[in-house]
Amino acid sequence: MTITPLTIEEELKKCVKCGACMAVCPIYRQTGREEMVARGKLNLIEIIRNNEELPPAWIEAVDHCLLCCSCEENCSKGVKITEIIAAARNHQTEIIGLNPIKKGAFALLKNRILSLARVVKLGSLLQWLLWQKLPNHSGLVRRFTLPGIDSKTVIPALPLKNLDDLLKRRQPVPELQPILFFSGCATRFLHPQIGLDLIFVLEQLGFNAITPKKFNCCGMVTWGAGDKSTNRELQASNLKVLNDNAHIKEVVTGCASCGHALKEYDNLPEDCEILDISELLFRHREKLEQLVGSRQITQKITYHDPCHLSKGQEVTKEPRWLLKLIAGDNFIEMRHPERCCGAGGTFGLTHKEISREILKEKTDDCDATGAEIVTSGCPGCILQLTEGAVVSKSSWQAEHPITLLAELLRSK
Ligand code: SF4
Ligand code: SF4
């Protein structure tokens with residue numbers, strides 16, 4: 001979505017200072033500070049919106065947001081809070097520039113095929129020097145003391161082969177119905193198995209997944225950082241791919257953040273429909289029920305709602321339907337599945353302490369269910385939950401629901 005200065009002015013006026021956003025903001029829950037909740041942030045943004053001088057308190061307030069949409073969902077006035085915060089971050093970026101690490105990372109995103117894939121491959125070769133694999137979990141922890149990285153920080157194990165590499169030998173099934181698959185960077189470069197599982201399930205359902213290599217990052221991370229110009233470039237390159245394939249109307253993704261970002265694009269091709277994988281499966285539930293038959297997962301599982309799926313796209317019943325289908329009574333709800341896990345894109349890396357406090361609430365909730373597997377339809381949440389399991393010494397693993405479904409369909 002493109003928000004204009006005029007729209008921001010109107011959005012800010014909609015806030016009636018009721019404070020309903022205070023009840024749900026994870027940052028406010030941890031800090032208890034008014035300027036950390038939407039109402040306080042909007043006040044600060046309104047006062048100095050067009051100012052060239054940005055006081056540290058303003059920067060701190062704008063910076064301390066997970067863009068989790070919890071406040072938006074609870075706001076009876078429908079204030080587009082996350083859009084305002086992203087616009088404020090853009091204002092900050094225009095005045096003091098982007099942090100150099102993000103600047104470098106976003107430059108890679110713009111030139112993904114050449115650069116990002118090579119950087120990840122190089123990282124996958126060198127990672128074992130500094131990091132080691134976690135027993136029973138995906139992800140790596142540091143081998144030695146590393147400056148600025150605490151001992152429980154979990155990073156994803158970088159696979160030598162990304163999803164594009166793994167799909168080189170794939171034999172598409174042209175007689176099946178084509179569907180576009182937007183894998184997203186996390187699935188493509190960090191968790192390619194989720195992509196393979198998703199494609200396998202699509203084929204079982206009668207779809208031929210088309211995976212254009214020219215799809216780029218969805219732009220969510222650049223939007224959240226206030227880098228409007230990179231975000232525009234990424235959107236434009238993805239829109240070109242969508243337009244080039246405009247005869248295929250359905251676009252599916254297994255990443256909550258990518259789905260949320262794509263659904264907000266202006267100028268999607270006519271009749272183009274972006275679907276989370278759980279929405280697509282729900283639409284074809286009769287066939288999937290037949291495919292699953294009487295098979296069921298025997299482990300206890302629970303589900304964490306990714307903010308960008310539940311609040312961003314209002315998709316909550318479909319993943320639950322799927323989990324009940326494959327796990328029956330072994331699916332147990334946690335007390336607060338809707339609460340953010342504290343990942344928030346890069347927030348978990350840049351604000352470790354507060355992110356961990358938010359994560360602790362989540363892992364306590366997961367532990368209380370007695371589940372052996374915690375599922376979530378977002379690769380970013382899966383990584384954060386994995387770190388949470390390590391920190392809390394929990395015995396559960398975090399998985400994408402599509403992985404469990406694919407394993408079940410592959411079993412005899
Ligand atoms: S809930 Fe909405 S209207 Fe109420 S204070 Fe928060 S942002 Fe303003
Ligand atoms: S988006 Fe989330 S973290 Fe940011 S102000 Fe709203 S509730 Fe708080």
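The structure reproduced in this document is the subject of the present report. Keep in mind it's a predicted model, so treat the numbers as computed, not measured.

### Remarks on the overall build of the protein chain
For the protein chain, the count of helices and strands is 22 helices and 9 strands. The burial tally for the protein chain puts 44% of its 412 residues in the buried class. Summarising the internal contacts of the protein chain: among those between residues at least 6 apart in sequence, 73% fall at separations of at least 24.

### A closer look at the site of ligand 2
Taken together, the neighbourhood of ligand 2 is formed by 15 residues, with Cys25, Cys65, Cys68, Ser70 and Cys71 sitting nearest. Within the residue set of the shell around ligand 2, elements represented by two or more residues are helix 2 (26–31), helix 5 (70–74) and helix 6 (81–96). Classifying every residue of the shell around ligand 2 gives 13 nonpolar, 2 polar and no charged.

### Description of the pairing of strand 6 (residues 273–276)
When strand 5 (residues 250–253) meets strand 6, the two strands line up parallel, connected through 4 bridges. Bridging across to strand 6, threonine 253 finds its partner in aspartate 276. One crossover worth recording links strand 5 to the parallel strand 6 by way of helix 14 (residues 256–263), and it is right-handed.

### Some thoughts on the site of ligand 1
In the vicinity of ligand 1 there are 15 residues, among which Cys15, Cys18, Cys21, Arg39 and Cys75 approach most closely. For the shell around ligand 1, the element with the highest residue contribution is helix 3 (residues 38–47), accounting for 3 residues. Class assignment for the residues of the shell around ligand 1 results in 11 nonpolar, 1 polar and 3 charged.

### Considerations on the nonpolar core
One recurring pattern in soluble globular proteins is that nonpolar side chains are buried together. If you look at the biggest cluster of nonpolar residues, it comprises 102 residues, and the most contacted ones within it are Cys25, Ile85, Phe181, Leu198, Val251 and Ile326. Here this core gets 6 residues from one element, more than from any other, and that element is helix 6. Sequence-distant contacts of isoleucine 85, defined by excluding residues within four places in its chain, comprise Lys41, Val62, Cys65 and Leu67.

### Considerations on the environment of lysine 102
The residue lysine 102 is located in helix 7 (residues 100–110) in this model. Along the sequence, lysine 102 and threonine 346 sit 244 residues apart, while their C-alpha atoms lie 9.5 Å from each other.

### Let's talk about unusual backbone geometry
Within the chain, lysine 17 stands out as a residue other than glycine whose phi angle is a positive 60°. For lysine 17, the location among the structural elements is in the loop between helix 1 (5–14) and helix 2.

### Section: helix 3
The complete set of buried residues in helix 3 reads Ala38, Arg39, Lys41, Leu42 and Ile45. Take helix 3 and look down its axis: the buried residues cluster within an arc of 160°, on one side only.

### Details of the packing of helix 20 (residues 352–369) against helix 21 (residues 379–391)
In the contact formed by helix 20 and helix 21, the axes pass within 10 Å of each other and the chain directions differ by 80°. When the axes of helix 20 and helix 21 are compared, the pair comes out roughly perpendicular. Between helix 20, through Arg356, Leu359, Lys362 and Thr363, and helix 21, the contact on the second element is made entirely by Gln384, Gly388, Ala389 and Val391. Counted by class, the contact of helix 20 with helix 21 contains 3 nonpolar, 3 polar and 2 charged residues.

### Here we look at the sheet that holds strand 5
A sheet is described by the order of its strands in space; here 4 strands give the open sequence 4-3-5-6, paired in parallel fashion. Either end of the sheet is taken by a strand with one partner, and the two such strands are strand 4 (207–210) and strand 6. Adjacent strand axes in the sheet meet at a mean angle of 40° when their direction is disregarded. Of the strands in this sheet, strand 5 and strand 6 touch helix 14, which is tilted by about 160° from strand 6.

### Digging into the environment of lysine 324
Within the element layout of this structure, lysine 324 appears in helix 18 (residues 317–327). Owing to 13 C-beta atoms within 10 Å, lysine 324 belongs among the partly exposed residues under this scheme. Spatially, the C-alpha atoms of lysine 324 and isoleucine 297 are 9.9 Å apart, while their sequence positions differ by 27 residues.

Basis of the calculations
Residues numbered from 1 in each chain as written. Chains lettered and ligands numbered in written order. Predicted model: local features only at pLDDT ≥ 70, side-chain atom pairs only at ≥ 80, totals over all residues. Helix = DSSP H or I, 4+ residues; strand = E, 2+ residues; numbered from the N terminus. Buried ≥ 20, exposed ≤ 12 C-beta atoms within 10 Å, placed from the backbone. Contact = placed C-beta atoms within 7 Å. Near = placed C-beta within 6 Å. Nonpolar A, V, L, I, M, F, W, Y, C, P; charged D, E, K, R; others polar. Pairing = 2+ DSSP bridges. Right-handed = clockwise from strand over helix to strand, strands pointing away. Core = buried A, V, L, I, M, F, W, Y, C linked by C-beta atoms within 7 Å. Arc of directions from axis to C-beta. Axes fitted to C-alpha atoms, helices over the stretch in contact; angles between N-to-C directions. Parallel < 35°, antiparallel > 145°, perpendicular 65-115°, else oblique.

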